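Per-entry structural report
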Amino acid sequence: MAIERLTDAERARLATDLPTWRMVEGRDAITRSFRFKDFSEAWGFMARVALLAEAQNHHPEWSNVWNRVEITLTTHDAGGLSARDVALARAIDSLLA
């Protein structure tokens, strides 16, 4: 089953639906930066995100430097943003709520 890219209307709603995420310039992707108290807290967050990603079978592009985690979401199989990215971004946000 093909994964559909977000429509223009769905993409336009991202600023409201996911206000802490931003579009990546030059890519059909969203990104968010996270900052934690220390490396251990950042690593723990990444472990929780990894469990979410595995459960959704949708894995982020990410990096970690000490207390910072950068996450970028896009659906390679769709050639850009899809509902899978929105769902994972919401799940990630819920970890911090």
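Now for a description of the structure that goes with this document. Within any chain, residue numbers begin from 1 and follow the written order of that chain's sequence. Reporting in this predicted model follows two pLDDT cut-offs: at least 70 for local features of residues, and 80 or more for side-chain atom pairs to be given and counted; totals over whole chains, interfaces and linings ignore these cut-offs and use all residues. To get the side-chain values, take all heavy atoms of the structure and skip hydrogens and water.

**Things to note about the side chain of T75**
In DSSP terms, a helix is any run of H or I states spanning at least four residues, a strand is any run of E spanning at least two, and both are numbered starting from the N terminus. By the element assignment, T75 lies in the loop between strand 4 (68–73) and helix 4 (83–96). A simple rule labels every residue: compare its accessible area, found with a 1.4 Å probe on the protein chains alone, to the largest value its type can have, and call it buried under 20%, exposed over 50%, or partly exposed in between. Assessed through its relative accessible area of 2%, T75 is described here as buried. Residue contacts for T75: discarding those within four places in its chain leaves I3, H58, G80, S82, R84 and D85. Two residues qualify as a contact provided that any one of their heavy atoms is within 4.5 Å of a heavy atom in the partner residue.

**Some words on the nonpolar core**
Residues grouped as a nonpolar core are buried Ala, Val, Leu, Ile, Met, Phe, Trp, Tyr and Cys residues, joined through side-chain atoms within 4.5 Å. With 20 residues, the main nonpolar core has W21, I30, F34, F45, V69, I71 and I92 as its most contacted residues. Of all the secondary structure elements, the ones that give two or more residues to this core are strand 2 (30–35), helix 3 (39–56), strand 4 and helix 4. Of the residues forming this core, the biggest block, 5 residues, is contributed by helix 3. Leave out the neighbours within four places in its chain, and F34 touches W21, F45, N67, R68, V69, I71, I92 and L96.

**Things to note about unusual backbone geometry**
The phi angle at N57 is positive, at roughly 50°, despite the residue not being glycine. Locating N57 in the fold gives a position in the loop between helix 3 and strand 3 (61–65). Of note in the backbone geometry, W66 takes a positive phi value of approximately 45° without being a glycine. Mapped onto the fold, W66 is located in the loop between strand 3 and strand 4.

**Structural notes on helix 3**
For a helix, the expected span equals 1.5 Å multiplied by the number of residues minus one. Over its 18 residues, helix 3 extends 26 Å from the first C-alpha to the last, a length consistent with the 26 Å expected when each residue adds 1.5 Å. Considered for burial, the residues of helix 3 that qualify are A42, F45, M46, V49 and A53. Buried residues of helix 3 fall within an arc of 100° about the axis and therefore sit on the same side. Away from its buried face, by an angle of more than 90 degrees, helix 3 presents the exposed residues S40, W43, L51, E54 and A55. What the arc measures is the spread of directions leading from the helix axis to the C-beta atoms.

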